[in-house]
Amino acid sequence: MAASGTSSPARPSSAARHTPGDGLSALAAELRALPPSCGPVRLVAVDGHAGSGKTTFAGRLAAALGGAPVVHLDDLATHEELFGWTGRLREQVLEPLSAGRDAAYRVYDWSLRRFAGTAEVPVAPVVLVEGVGAGRRAVRPWLARVVWMELDADAARRRGEERDGPDLAEFWAGWARAESAHFAADPSRPYAATHVDGVTGRIVPGTVGEPSTVP
């Protein structure tokens with residue numbers, strides 16, 4: 001979820017270290033072993049409700065993968081198009097990677113309310129895409145795996161509101177309506193083969209080693 005008052009979306013710190021038994025090493029090894037899904041890349045979505053810990057987990061998983069590139073969907077969404085980023089993702093990231101070329105996408109500045117700056121996405125064995133709707137229907141043909149953060153919408157929203165403060169309460173109210181409508185029409189969770197506890201950050205037992213449910 002993007003915060004409207006910052007130059008870049010407010011995100012939890014991704015510096016948290018993984019600990020033995022959290023399943024990250026096993027998941028990283030499993031992801032590396034998957035067949036490529038987007039040209040030479042294994043594209044992995046980290047999805048869940050806003051405030052569920054996607055950015056933090058994606059950062060930890062990227063580190064466990066040896067520095068995998070991470071695409072943040074907050075950088076591709078806008079105030080007017082909270083979920084209207086599919087075309088930009090496809091044209092600027094998915095199509096170049098699928099052709100074996102490094103990608104770069106324009107980054108939206110939530111303070112200036114316009115795109116400013118560029119983020120590079122080099123071809124790598126695994127590339128992560130994190131954000132609400134990362135596992136949506138239009139993206140799944142390029143995905144090797146969907147990872148879902150297990151934290152219900154109300155708890156995730158409370159966490160996000162505490163993180164962003166009262167100045168963004170109105171934004172959160174509008175976001176909650178848009179997110180609810182999105183997942184009602186285009187759910188990601190049924191397609192996730194890996195589930196992560198949004199409170200502890202640990203991978204839910206039994207969801208590493210399952211075959212991916214991405215068609």
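Residues numbered from 1 in each chain as written. Predicted model: local features only at pLDDT ≥ 70, side-chain atom pairs only at ≥ 80, totals over all residues. Heavy atoms only, no water.

1. Side note on the overall build of the protein chain
Each helix and strand counted, the protein chain has five helices and seven strands in total. Each of the 215 residues in the protein chain was classed as buried or not, and the buried ones make up 53%. (Helix = DSSP H or I, 4+ residues; strand = E, 2+ residues; numbered from the N terminus. Buried < 20%, exposed > 50% of the residue type's maximum accessible area, 1.4 Å probe, protein only.)

2. Description of the packing of aromatic side chains
Taken as a whole and judged by the stated rule, the model has four aromatic pairs. With 4.9 Å between their ring centres and 85 degrees between their planes, Tyr108 and Trp110 make a pair best called edge-to-face. Comparing Tyr108 with Trp110 shows no difference in burial state: the two are buried. Seen in terms of ring centroids, Tyr108 and Phe115 are 5.3 Å apart; in terms of plane orientation they differ by 70 degrees. Their pairing is edge-to-face. Accessibility classification places Tyr108 together with Phe115 in one group, the buried group. By the ring-pair criterion, three or more aromatic residues cluster together here, those being Tyr108, Trp110 and Phe115. Sitting above the plane of the Trp85 ring, Arg136 keeps its charged end 4.5 Å from the centroid. Here the basic side chain of Arg140 rests over the ring of Tyr191, its NZ or CZ set 3.6 Å away from the ring centre. (Phe/Tyr/Trp six-rings, centres within 6.5 Å; stacked < 30°, edge-to-face > 60°. Lys NZ or Arg CZ within 6 Å of the ring centre and 35° of its normal.)

3. Observations concerning the side chain of Lys54
With respect to the element layout, Lys54 can be found in helix H2 (residues 54-64). One buried charged residue, Lys54, remains without a salt bridge, the closest side chain of opposite sign being Glu130 at 5.2 Å. In terms of polar contacts, Lys54 uses its side chain to reach the backbone carbonyl oxygen of His49, at 3.0 Å. Apart from residues lying up to four places away in sequence, Lys54 is in contact with Val46, Asp47, Gly48, His49, Glu130, Gly131, Val132 and Met149. (Lys, Arg positive; Asp, Glu negative; His and termini not counted. Salt bridge = Lys/Arg side-chain N within 4 Å of Asp/Glu carboxyl O. Polar contact = N/O pair within 3.5 Å; in protein donor to acceptor, adjacent residues only side chain to side chain. Contact = heavy atoms within 4.5 Å.)

4. A closer look at the confidence of the model for the protein chain
Low pLDDT means the predicted atomic positions in that stretch should not be read closely. The pLDDT averaged across the protein chain works out to 86; a share of 83% of its residues lies at or above 70. Within the model, pLDDT remains below 50 along residues 2-21, and this stretch shows 53 contacts once partners closer than five positions in the same chain are excluded. For residues 209-215, every residue scores under 50 in pLDDT, and the model assigns this stretch 18 contacts once sequence neighbours within four places are set aside. (pLDDT = per-residue confidence, 0-100.)

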